[in-house]
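Breakdown of the fold
Take a look at the letters that make up each chain.
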Amino acid sequence: MWGDVDQVTYQRFLDEAHVYWRGHLAPAHGDQLVVADGSHRDPRALIRVLTLANAVRRLHPARLVLIGPAPADGAEADAAPLAALAAAYAVDEVVDLAGRTDRQVTALAARAAGAAAPPVEVHGLTPYVDTGYRRRGGGPLTPLRRTAPEYQLAALRARARAAVYDEILAAGRPVALVAVDPTDDHAGLAVRAARRAHVPVLTVVPRGGLRAYCLFPGHGDPAVPYAEALQPLVGEFFGRHVWSRRAELAEAADRTVWRVGRGLDRPVGRRPDAVELADPAARRQVRAHVAARYGLRPDRPTVVVAHRPVTEAPTGIADEVADWYARTAQYAHELPAANWLLLDHPAQDDRTGSVAALAAYHSDAGHLRFLPGGTLSRNALLSLADLAVVLHGRLPATLAGYGLPVLAAGRGPWGDCGFTTAVADPAGYADQLADGVTALTAGHPPVRGGQVARARLWRWLTEAGADVASGLVPHWDLWPAEHLLRAMTVHLRQVEPDGEPVFAAVARMFAQRQPMLTRLDLAAPGQSRRAAAPAVPHTRAPDPGPVAGTAHRAGAAAVAE
């Protein structure tokens, strides 16, 4: 779990964590319990899950039940690395998920003996089985792969695992479930079970400080996927507490965009820039240079299509991420009035070769280019692109914040925040792409009103307003493990819990039933104003302004409009 970390350093951390949590948690009330999912392999994610679970326990004293790691189907599970960490964080029980799943599989097989087993669709588990199977197989699902014995085994084990989660939640009065990934056939099934049992579900975002979303009972239909239920709630929260205070937050939003532009907190795989482009003329020069490098015409509009890992759960109009990408490439092939730049994801996990095969299939199209993820710097991307087509992820807010129109074919927490144009109807997807190219060719980029302002405010919300900074959960980038453990050891030993930001944020989330954890009480008058600071200190370069091909002025004036 921790790699080759020094064992003395690790033991000191465990000792301090044990003293801290045992001294700051009250005994459980009755049969209340908090359930935490321990299936994520990264210890930074586990630290976030356990810290958030213990923060909930300070509100609702309860036993903490940690669901142990689940193996890949057919493999052996090893829960030993989790035991010491669980003890340090005052976990009351570690569930042997592998063993209980095996027993459930045996019981299901016995009941099905002599009779046809019901299809997995009957149980509503197909999306979770599919996502787990994609990740283990390293590629998209095909009809042939769905008929494979390995897929049938994965479906059977998912049914068994879902039954185990139901049993765990039925063993007491659960007050919360804390997990990381709500989509796969491990944590995703736990999230599904908790929502069906009307239990609050908190999902941790594995980056930044402590970031988390939450669905409380009554937040959407439990049968609706987690992301789909979350999107309108976050949109409403954004409109009520952030967009309504855009004048107060203008400078803070500009500062966030400046940091992102300088490569501070840049997404994985996007190359940093050595210089800033301060005027449109410089951007036109970069545009001509990049277009020439890839054999594109700089006088034509350029549409950038941002791919996602093909092993991810599809959202929106996509049945498979790979199918969406292939369909988009086909539509692009038929629209030669624009340049099309199809960017693979920098963390692509495609062991089937589907992305390479797609690029080879369209190699005869002179207006299409397929590039690996991380190929373009920010300056190159923003200078060349006139329209972005995305599925989900963090890129939409970055591009929209620089004035690029963004067409979103999938869902994300930002989906109802007003800075992207959604593809609501799969049948109309091709027409929307064609309309976008037509508008660009006519010199009228389809930028939404207030898009720049909304996108920049969303970046402020995710990078600051909804990112809880605490020594209990050091920033994700504090790595390698020994550095992280030393920092946490000092905090656990030296800092008292009075006024602890994590505890205050979780208490606020539960009191106000917020869909996301916040650093500030955005519902309180004046909180956002106190959070704002000068956007660009006098020693820093000014905002370079809008990207080439757009007419929006990005900056504090745009945010305050």
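Residues numbered from 1 in each chain as written. Predicted model: local features only at pLDDT ≥ 70, side-chain atom pairs only at ≥ 80, totals over all residues. Heavy atoms only, no water.

Some words on helix α11 (residues 280–293)
The first and last C-alpha atoms of α11 sit 20 Å apart over 14 residues, in line with the 20 Å expected at 1.5 Å per residue. Those residues of α11 lying buried are A282, R283, R287, V290 and A291. Across the axial projection of α11, the buried residues extend over an arc of 165°, all falling on one side. For α11, exposure combined with an orientation more than 90 degrees from the buried face picks out R284, Q285 and A292. (Helix = DSSP H or I, 4+ residues; strand = E, 2+ residues; numbered from the N terminus. Expected span 1.5 Å × (residues − 1). Buried < 20%, exposed > 50% of the residue type's maximum accessible area, 1.4 Å probe, protein only. Arc of directions from axis to C-beta.)

Section: the sheet that holds strand β11 (residues 406–408)
What the six strands build is an open sheet, ordered β9-β8-β7-β10-β11-β12; its pairing is parallel. Bordering the open sheet on either side are β9 (368–371) and β12 (421–422), each of which pairs with just one other strand. Where β11 lies against β12, two bridges are found, and the strand directions are parallel. Of the residues in β12, the one forming a bridge with A408 is A422. (Pairing = 2+ DSSP bridges.)

What to know about the nonpolar core
Counting 84 residues, the largest nonpolar core has L376, W458, W460 and L461 as its most contacted members. Ranked by the residues each element gives to this core, the list is headed by helix α7 (residues 149–170), at nine residues. Apart from the residues within four sequence positions on either side, W458 is in contact with Y213, V234, F238, A397, P413, W414, C417 and F419. Within the second largest apolar cluster, 56 residues are counted, among which are L52, F216, A481 and F510. (Core = buried A, V, L, I, M, F, W, Y, C linked by side-chain atoms within 4.5 Å. Contact = heavy atoms within 4.5 Å.)

Describing the packing of aromatic side chains
Between two aromatic rings, the relevant description is the distance of the centres plus the angle of the planes. Throughout the structure, instances matching the rule amount to 14 aromatic pairs. For the pair Y10 and F13, a centre-to-centre distance of 6.4 Å together with 25° between the ring planes defines the contact as stacked. Pair noted here: Y10 and F13 are both in helix α1 (residues 7–23), with a separation of three residues, about one helical turn. Each member of the pair, Y10 as well as F13, is classed as buried. Relative to Y151, the ring of Y133 has its centre 5.3 Å away and its plane inclined at 90°; by these criteria the two rings are edge-to-face. Pair noted here: Y133 is in helix α5 (residues 126–137) and Y151 is in helix α7, with a separation of 18 residues, a long-range link. Neither residue differs from the other here; Y133 and Y151 are each classed as buried. By the ring-pair criterion, three or more aromatic residues cluster together here, those being W2, Y10, F13, Y20, W21, Y89 and F503. Here the basic side chain of R456 rests over the ring of Y402, its NZ or CZ set 5.9 Å away from the ring centre. (Phe/Tyr/Trp six-rings, centres within 6.5 Å; stacked < 30°, edge-to-face > 60°. Lys NZ or Arg CZ within 6 Å of the ring centre and 35° of its normal.)

Here we look at the pattern of salt bridges
On inspection of all chains with the given rule, the structure shows 24 salt bridges. Here R493 ties to E16 by a salt bridge, and the two come within 3.1 Å at their closest N and O atoms. Here E16 lies in helix α1 and R493 lies in helix α18 (residues 481–494), a separation of 477 residues in the sequence. Between D349 and R351 there is a salt bridge whose closest N-O contact spans 3.4 Å. A relative accessible area of 54% means that R351 is categorised as exposed. Taken together, the shared-partner salt bridges in this structure form one network comprising R211, R459, E463, D467 and R519. (Salt bridge = Lys/Arg side-chain N within 4 Å of Asp/Glu carboxyl O.)

Quick word on the confidence of the model for the protein
Looking at the protein as a whole, its pLDDT mean stands at 88, while 87% of the residues score no less than 70. Within the model, the stretch residues 264–269 combines pLDDT values under 50 with 12 contacts to residues more than four positions away or in other chains. (pLDDT = per-residue confidence, 0-100.)

Brief notes about the sheet that holds strand β6 (residues 211–215)
What the six strands build is an open sheet, ordered β3-β2-β1-β4-β5-β6; its pairing is mixed. The sheet terminates laterally at β3 (93–95) and β6, the two strands that pair on one side only. In this sheet, adjacent strand axes meet at a mean angle of 20° when their direction is disregarded. The sheet contact formed by strand β5 (residues 201–205) and β6 spans five bridges and is antiparallel. Along β6, the bridge assignment pairs L202 with C214. Sheet strands in contact with helix α2 (residues 43–59) are β1 (32–37), β2 (63–67), β4 (173–179), β5 and β6, and its direction is about 165° off that of β1. (Axes fitted to C-alpha atoms, helices over the stretch in contact; angles between N-to-C directions.)

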